[in-house]
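Chain residues, written in single-letter form:
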Amino acid sequence: MKPIYLCTIAALLGGLALAPRAHAADACKVEISGNDMMQYDKQSLAVPATCKEITVTLHHAGKLGKDVMGHDWVLVATPDLSAVANAGISAGIANNYIEPNDKRVLAHTKIIGGGETTSVTFPASLLKAGGNYSYLCTFPGHSALMKGTFKFG
Ligand code: CO
């Protein structure tokens, strides 16, 4: 019994030692959902400034297609939000409602429809700790409701 008991303790301690490291890595990966009522489920997202890479996963929890209720996740400096949304309307769905080579777009996913999931991974070096960032959906008209604050640091 004694050796088994010691093994169990060692496994528990090993698990505890690994847990904080796994948690730190997960903090650089965040998730958000959109629905058929033109809403994100989160008003803000936050990742620590210690992240080297950031991954944002977008789920579309609805049923409507991307042509009528498409959602994407687009990261910008907050003052650029309206201009990026407007430029996206003329870019059209073929460009995921993002003007090609728009330098104001820091990171973005593609447009998805109901039941789909997509993600984007980008280097944290694109961002300044404590900077003023926002995310939006660039599907025409959606950014009135579908926007939020992105906190880095
Ligand atoms: Co949308």
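Because the structure is a prediction, the values reported are computed rather than measured. (Residues numbered from 1 in each chain as written. Predicted model: local features only at pLDDT ≥ 70, side-chain atom pairs only at ≥ 80, totals over all residues. Heavy atoms only, no water.)

Engineer: Help me out: how do you make sense of the overall build of the chain in this one?
Structural biologist: Check the secondary structure of the chain and you find three helices and eight strands. Element order for the chain, N to C, with α for helix and β for strand: α-β-β-β-α-β-α-β-β-β-β. Taken over 153 residues, the chain has a buried fraction of 39%. Long-range pairs, those at least 24 residues apart, make up 73% of the contacts in the chain with a sequence separation of at least 6. (Helix = DSSP H or I, 4+ residues; strand = E, 2+ residues; numbered from the N terminus. Buried < 20%, exposed > 50% of the residue type's maximum accessible area, 1.4 Å probe, protein only. Contact = heavy atoms within 4.5 Å.)

Engineer: Whenever I open this one, the side chain of Asp72 confuses me. Can you help?
Structural biologist: By the element assignment, Asp72 lies in the loop between α2 (66-69) and β4 (74-77). The side chain of Asp72 is buried and forms no salt bridge, while Lys66, the nearest opposite charge, is found at 11 Å. At 2.5 Å, the side chain of Asp72 forms a polar contact with the side chain of Thr138. Apart from the residues within four sequence positions on either side, Asp72 is in contact with Tyr40, Leu58, Asn96, Ile98, Thr109, Lys110, Ile111, Leu136, Cys137, Thr138 and Phe139. (Lys, Arg positive; Asp, Glu negative; His and termini not counted. Salt bridge = Lys/Arg side-chain N within 4 Å of Asp/Glu carboxyl O. Polar contact = N/O pair within 3.5 Å; in protein donor to acceptor, adjacent residues only side chain to side chain.)

Engineer: Sorry if this is basic, but what is going on with the coordination of the cobalt ion here?
Structural biologist: Each donor-metal-donor angle in an ideal tetrahedron of four donors is 109.5 degrees, and each such angle in an ideal octahedron of six donors is either 90 or 180 degrees. Within the first shell, the cobalt ion binds the protein through Gly70 (O), His71 (ND1), Cys137 (SG) and His142 (ND1), at distances of 2.1 to 2.6 Å. Note that the cobalt ion binds four donor atoms; their angles at the metal cover 78 to 133°, and the shape is irregular. With a relative accessible area of 0%, His71 lands in the buried category. Judged by its relative accessible area of 3%, His142 is buried. (Donors = N, O, S within 2.8 Å, 3.2 Å for Na, K, Ca; no water. Tetrahedral: all angles 85-135°; square planar, octahedral: opposite > 155°, others 65-115°.)

Engineer: Would you mind going over the state of the cysteines with me for this structure?
Structural biologist: Tallied over the full model, the rule gives one disulfide. The disulfide partner of Cys28 is Cys51, and the S-S distance across this bridge is 2.1 Å. Across the S-S bond of Cys28 and Cys51 the torsion is about -95°, and the bridge reads as left-handed. Of this pair, Cys28 sits in the loop between α1 (2-26) and β1 (29-34) while Cys51 sits in the loop between β2 (44-47) and β3 (53-60), and the two are 23 residues apart along the sequence. When sorted by exposure, Cys28 lands in the same class as Cys51, which is buried. (Disulfide = S-S within 2.5 Å.)

Engineer: What should I look at first to understand the sheet that holds strand β7 (residues 133-136) in this one?
Structural biologist: What links the strands of a sheet is backbone hydrogen bonding, and the strands pair in either a parallel or an antiparallel sense. Spatial ordering of the open sheet is given by β2-β8-β7-β4-β5, a layout of five strands whose pairing is mixed. Strands at the two margins of the open sheet, each flanked by one partner only, are β2 and β5 (105-108). Each adjacent strand pair in this sheet contributes to an overall mean axis angle of 25°, direction not counted. Bridge count for β4 against β5 is three bridges, and the pairing is antiparallel. The residue bridging Leu75 from the neighbouring strand is Ala107, located in β5. (Pairing = 2+ DSSP bridges. Axes fitted to C-alpha atoms, helices over the stretch in contact; angles between N-to-C directions.)

Engineer: Mind showing me how you'd approach the pattern of salt bridges here?
Structural biologist: Considering all chains together, one arrives at two salt bridges under this definition. Residue Glu99 is joined to Arg104 by a salt bridge in which the shortest nitrogen-to-oxygen separation is 3.9 Å. Among the residues examined, Glu99 registers a relative accessible area of 35% and is labelled partly exposed. Between Asp102 and Arg104 there is a salt bridge, with the nearest N and O atoms lying 2.9 Å from each other. By relative accessible area, Asp102 is classed as buried at 9%. Under the relative-accessibility criterion, Arg104 is labelled partly exposed at 28%. By sharing partners, the salt bridges in this structure join Glu99, Asp102 and Arg104 into a single network.

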